[in-house]
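Summary of structural features
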Amino acid sequence: MDVRVLLRDTVLMGLAYASVSFLVLEAVEFGYPTGSVFWPGAGLTLGVLLVRPRRTWPALLTGVFVAETAVDLTIPVSLGTALIWAVANTVEPAVSAWLLTRRHPVPTFADVPGILRFLLLGAVAGPLIGSAVGATAAWATGISAFWPTWPRWWVGDAIGVLLVAPAIIVWPGRRREPPRAGPRERRGILVGLVAVTALALASWPGDVWQQGLPFLIAPALVMAALRLGPAATTTALAGVGLAVNAVTAAGFGPFAEYGTYGGLVVAQGCLAAAALAGLTVMALSHDLVSLRELDEHRSALANTLAHELKGPLTTILGHAELLEPGTPSDQTLATRGAIERGARRISRTVEDVLELARMDNPSVQRRLVEVDLSGLVRDAADIHKAAAGRAGVRIDVVPEPGPVRVTGVREELETMVQNLVSNAVKYSRADSTVTVACSVVGDQAVLTCSDQGIGIAREDQLHLFEEFYRSSDPQARSRPGTGLGLSIVQRVVDRHHGWIGVESEIGTGSVFTVRIPRAAPIGR
Ligand code: ADP
């Protein structure tokens, strides 16, 4: 590898580490030889190691080693102590980085187990080792007792890692996840976050206000994690961390009453909680996005498949009708009937799959309008009257004096009513009645569709609304169906924030009931 590049890595890393460390030592006067409770250099080094190839690690760590030695000599401590502390500050990120990447890729904060791994290996294990080495050196040279130097040093490095490393890891584009929020919302959340942080850090008269306000930072960060995407969230986290530490170190803000050092310790607790909440929500919201993408993908796949099947099906059906226009033999008639039935069955499945795909696709826009459910019931009865008549089934629509208005998607509600009525007719016996009624009960529209048909066994009732589920009853199976009708109905009901239930007894009949909140009619 190019020596110049390695040299550049060493110098840049050393300069960055030295600057951050000097700033911290400058802000928190080194009057506490028992370890700094905020050491962003630890997060800086770990973050850089994780985003750079392993072969550059020796160069980067050399930079940190030299910088740390120089910084320590200015405190001043003896050369021996400075060298051991430098070893501690280079071994620690090396161990953390190695542990984190030994079996897994570099953390991207896209899943909760990944965050726990980062926490345990990056913020707990590595820093515990580094701080043990540092505290031992401090004890051996008589600078301070091993305890409490060790835990304080560890806290400083752990918080440094939690606040700074994620921003470095996410920034170079490892997670190219666009923010979910639009530009206005983005600005709003960022302004809110800055305002809440400023409010929490400002000096307020009376300590009640002072104490409560820092808690507001966590929800603001969580909001950012949900809506702004990883880059902005991790940067906000680092920014808030630096601001809180700077103000506390200067002796101001809500933690001032514990003294500068005590205040810094309490501040780290708040920051650790905010960082963990922010990172966890960031991972969870990533899962939500992935689920949405999966839905879109599934729906696109179903759409393509259904469209691909539609063409050949039309051809098959067309040709089946053209077969043998003269006087067909029994065999030809039977063959033609079989082809037609098969093709129509696939055709129904294709239609239903298309309908489901459309409904499952989160990017399809839905046009909400005011719909009169009783009108849809009358239409459905008209549409199915002929088929019902052929099967000896009557359809009764219970008259409703006024319209039964709901706010919803007309086509979806139409499909819902038609599927229920068509099932009732399909699974009825000859010389029986299907009764459809809808009415307003309180703030809900209630639709019932009852039949005196074959009924549904209790075990089947539990699964009716699952995709492709058909009951095991041979009587039901002998009637054509796809097992998709009721899952479409369920989707429509869910999308209108409604409820659907069934009561049924084998041999007696079934009653399907749908309740949909009416909501305010559109346009008012
Ligand atoms: P299908 O296309 O098979 O009718 P559905 O999802 O609409 O699919 O219904 C699922 C199953 O529920 C049906 O196969 C049938 O066994 C049962 N079912 C639905 N409605 C009724 C009903 N009104 N009476 C009896 N069984 C019904």
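This section reports on the structure supplied with the text. (Residues numbered from 1 in each chain as written. Predicted model: local features only at pLDDT ≥ 70, side-chain atom pairs only at ≥ 80, totals over all residues. Heavy atoms only, no water.)

1. A short note on the packing of aromatic side chains
As a reminder of what qualifies: Under the pairing criterion, centres of Phe, Tyr and Trp rings, with the six-membered ring standing for Trp, must be within 6.5 Å; the plane angle then separates stacked pairs below 30 degrees from edge-to-face pairs above 60, leaving the rest tilted. Only protein chains enter the accessibility calculation, which uses a 1.4 Å probe; a residue whose area is less than 20% of its type maximum is buried, one above 50% is exposed, and one in between is partly exposed. Placement of a positive charge over a ring is assigned whenever Lys NZ or Arg CZ falls within 6 Å of the ring centre and within 35 degrees of the normal to the ring plane.
As enumerated under the stated definition, the model contains 4 aromatic pairs in all. On the numbers, 5.0 Å between centres and 80 degrees between planes, the contact of Phe109 with Phe118 is edge-to-face. What makes Phe109 buried here is its relative accessible area of 1%. For Phe118, a relative accessible area of 1% translates into the label buried. Taking NZ or CZ as reference, Arg102 lies 5.2 Å from the ring centre of Trp98, over its face.

2. Comments concerning the pattern of salt bridges
The condition is simple: The salt bridge definition used is simple: a Lys or Arg side-chain nitrogen within 4 Å of an Asp or Glu carboxyl oxygen. Counting from the N terminus, the helices are DSSP H or I runs at least four residues long and the strands are E runs at least two residues long.
For the structure on display, the rule yields 10 salt bridges. Note that Glu370 and Arg405 form a salt bridge whose closest N and O atoms lie 2.8 Å from each other. Here Glu370 is found in strand β1 (residues 369–372), whereas its partner Arg405 is found in strand β3 (residues 405–408), with 35 residues between them in sequence. Relative accessible area serves as the criterion here: at 30%, Glu370 is assigned to the partly exposed category. Note that Arg491 and Glu467 form a salt bridge whose closest N and O atoms lie 2.5 Å from each other. Here the residue Arg491 occupies a position in helix α17 (residues 485–495), and Glu467 occupies one in the loop between α15 (458–461) and α16 (474–477), the gap between them amounting to 24 residues. A relative accessible area of 17% means that Arg491 is categorised as buried. The class of Glu467 is partly exposed, set by a relative accessible area of 34%. Look at the salt bridges and you will find they share partners, linking Arg8, Asp9 and Arg52 into a network.

3. A look at the sheet that holds strand β4 (residues 432–441)
Here is the rule: By the convention used here, strands pair only if DSSP detects at least 2 bridges between them. For helices, the axis comes from a line fit to the C-alpha atoms of the stretch in contact; other axes are also lines fit to C-alpha atoms, and the angle between any two N-to-C directions lies between 0 and 180 degrees. Residue contacts are counted whenever heavy atoms from the two residues lie within 4.5 Å of one another.
The 5 strands are arranged β2-β4-β5-β7-β6 in an open sheet whose pairing can be described as mixed. The sheet is open, and its two edges are formed by β2 (393–397) and β6 (499–505), each paired on a single side. Put simply, the sheet's adjacent strands are angled 10 degrees from each other on average, direction ignored. Inspection of the sheet shows β4 paired to strand β5 (residues 444–451) by 7 bridges, in the antiparallel sense. Bridging across to β5, Val440 finds its partner in Ala445. Where α17 meets the sheet, its contacts fall on β6 and β7 (509–517), and the angle it forms with β6 comes to roughly 140 degrees.

4. Overview of the environment of Val398
Within the secondary structure, Val398 is located in the loop between β2 and β3. On a C-alpha basis, the gap between Val398 and Ala437 in space is 5.0 Å, while along the polypeptide they are 39 residues apart. Apart from the residues lying within four places of it in its own chain, the contact partners of Val398 are Thr435, Val436 and Ala437.

5. Considerations on the site of the ligand
As a reminder, the rule being used: By convention in these notes, a residue is near a molecule or strand provided one of its non-hydrogen atoms lies within 4 Å of it. Polar contact is the term for a pair of N or O atoms within 3.5 Å; when the atoms are in protein, one must be able to donate a hydrogen and the other to accept it, and sequence-neighboring residues count only if both atoms are side-chain atoms. Note on areas: Shrake-Rupley, 1.4 Å probe, and residue coverage restricted to the protein chains presented here. All amino acids are sorted into three groups, where Ala, Val, Leu, Ile, Met, Phe, Trp, Tyr, Cys and Pro are nonpolar, Asp, Glu, Lys and Arg are charged, and the leftover types, Gly among them, are polar.
Taken together, the neighbourhood of the ligand is formed by 20 residues, with Asn423, Tyr427, Arg470, Thr482 and Leu486 sitting nearest. In this structure, an oxygen atom belonging to the ligand sits 3.2 Å away from a main-chain N or O atom of Gly485. Computed on the free molecule, the ligand has an accessible area of 520 Å², of which 97% lies beneath the protein chains in the complex. Elements that contribute at least two residues to the shell around the ligand include exactly α14 (410–426), α17 and β7. When the residues that make up the shell around the ligand are grouped by side-chain class, the tally is 9 nonpolar, 8 polar and 3 charged.

6. Overview of the environment of His463
For His463, the location among the structural elements is in the loop between α15 and α16. Relative accessible area serves as the criterion here: at 30%, His463 is assigned to the partly exposed category.

Function cannot be inferred from these measures alone, as they are strictly geometric.
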